[in-house]
Amino acid sequence: MLRFIVAHPRILSFGLLTTLFSSFGQTFLISIFVPQLLESFGLSTAAFGTLYAAATLTSACCLPFFGRLIDRLPLARFSLVAGLGLGGSCLLMASATHVAVFFVALIGLRLTGQGLLSLTASTTMARVFPQGRGKALSVSALGYPLGEGLLPLAVVLMIHAFGWRTSWMILGLVILLVFLPATQSLLQRNSTLGETTGGRTAAGFRPPALLRDPLFLLVLPANLFLPLVLTALFLYQIPLAESRSWQASTMASAFVGFAVARMTVSLLIGPLIDRWSALRILPALLVPAICGLSALLAHDAPWIAFVYLIFAGLSQGMGGPLMTAVWAEMYGVESLGATKGTVATFGVLATALGPIILGIALDAGIGFDSMIGLAIAAAVVVLLMAWIGSRRVLASCSRESPRIALD
């Protein structure tokens, strides 16, 4: 791995920076501003949640369109537009005085930060490194836990020192004055890379073609299970801790294990993908999550929180690099942006649906044990679907072609 990083420092740095700065549009960072946003715009918690869900779903619906653009436009131009959009959204948030402007800024943050920068990083790594795809995806994915570990404290300190509006202005200026010059410089030093596009195949690709492919429908649930289940459990982590008679500090400490496990397996999974292929590893994706959820269901001891979150981190760390490589192996890299844009739409819908389902269940008196048991059963079914789908794809590729054509 170290030899690979030394051999390709510029493009791997581009991927790492892109995932790191995607944090500016991620929920964990935006949530830090929630108390100030509620006060400034006179919103209730429910009203803010509704606006945030609407902004997230709006951005999700746009991703298939923008995913096709990354297959057509030069990489340098697409990443410049995405960065300008994120920086502009930060500055718009800083200057928003009306709830309508605030809503537009939220859409921009979710679309460009969570959506486009993440899409840019994973698509570029998979496309540029056909032989070292797994390792490249692993390195670029390190930006996510780095952002989760470094940015929250920095943002809290900024808000305390300068206020929330100035903090958003600083974030916007960091994008415009640090991120954009750095990434554009990295791409311009390799003019061929900066001009990389998807080619002719991408032009004929239409996202609905995915939905007509039964193998896609077999594999897709493996991509959606973790966003659906973990988002819901993380959002309701305090009620979950209370149901186990755990201290809130126990869960907070256990999340350190989650972050370490996610970062560690993210580095380790890349070489395994390159050695065995993502499709062969795919059925193992949910095995750690099943183990963690089973431990959570079986015991109430405080140390179970660490077991549950460490195993969840293992699956989460595998998921990003592994699923991008799976889509590349199934459909090729020429239309990978459009493929991932379509998949990302379903992923965002899953993150929105999970908390709703769990919230309704808890309000109806259905306990965590019942919902966790249901999640385990669903994970086993999804794992079997992924195994069947991956075996059929591998058989199809060996008999016919190196990928499934959707044109």
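Here, the structure is the one placed above.
Cut-offs applied
- Residues numbered from 1 in each chain as written.
- Predicted model: local features only at pLDDT ≥ 70, side-chain atom pairs only at ≥ 80, totals over all residues.
- Heavy atoms only, no water.
- Helix = DSSP H or I, 4+ residues; strand = E, 2+ residues; numbered from the N terminus.
- Rg over C-alpha atoms; globule rule 2.2 N^0.38 Å.
- Buried < 20%, exposed > 50% of the residue type's maximum accessible area, 1.4 Å probe, protein only.
- Contact = heavy atoms within 4.5 Å.
- Areas by Shrake-Rupley, 256 points an atom, 1.4 Å probe, with all protein chains shown as cover.
- Salt bridge = Lys/Arg side-chain N within 4 Å of Asp/Glu carboxyl O.
- Expected span 1.5 Å × (residues − 1).
- Bend = angle between axes of the 7 residues up to and from the residue.

A. Spatial organisation of the overall build of the chain. Along its length, the chain carries 21 helices and zero strands. For 407 residues, the compact-globule estimate of 2.2 N^0.38 gives 22 Å, and the C-alpha radius of gyration of the chain, at 21 Å, lies within 12% of that figure. Seen along its three principal axes, the alpha-carbon backbone of the chain occupies a region of about 55 × 50 × 40 Å. Buried residues in the chain amount to 54% of all 407 residues. Partitioning the contacts of the chain with sequence separation of at least 6, the portion at a separation of at least 24 is 86%. As displayed, the chain offers around 17100 Å² of accessible surface, 68% of which is attributable to carbon and sulfur atoms.

B. Spatial organisation of the pattern of salt bridges. Considering all chains together, one arrives at five salt bridges under this definition. Among the ionic pairs, Lys135 bridges to Asp274, the shortest N-O distance being 2.8 Å. Of the two residues, Lys135 sits in helix H8 (residues 133–141) while Asp274 sits in helix H16 (residues 248–276), which places them 139 residues apart along the sequence. Classification of Asp274 as partly exposed rests on a relative accessible area of 25%. Arg244 is paired through a salt bridge with Asp300; the nearest N and O atoms lie 3.4 Å apart. Pair noted here: Arg244 is in the loop between helix H15 (237–243) and H16 and Asp300 is in the loop between helix H18 (287–298) and helix H19 (304–331), with a separation of 56 residues, a long-range link. Exposure remark for Arg244: the relative accessible area of 6% places this residue in the buried category. We classify Asp300 as partly exposed; its relative accessible area is 47%. Each of Arg244, Asp300 and Asp369 takes part in one network of salt bridges that share partners.

C. Molecular detail of helix H10 (residues 164–188). For H10, built from 25 residues, the straight-helix expectation of 36 Å at 1.5 Å per residue is met to within 8% by its first-to-last C-alpha distance of 35 Å. Taking the largest bend as the criterion, H10 deviates by roughly 30 degrees, centred on Phe179, and proline Pro181 comes between one and four positions later. Turning to H10, its buried residues are Trp164, Ser167, Trp168, Leu171, Gly172, Ile175, Phe179, Leu180, Thr183, Gln184, Leu186 and Leu187.

By themselves, these are just geometric observations and shouldn't be taken as functional.
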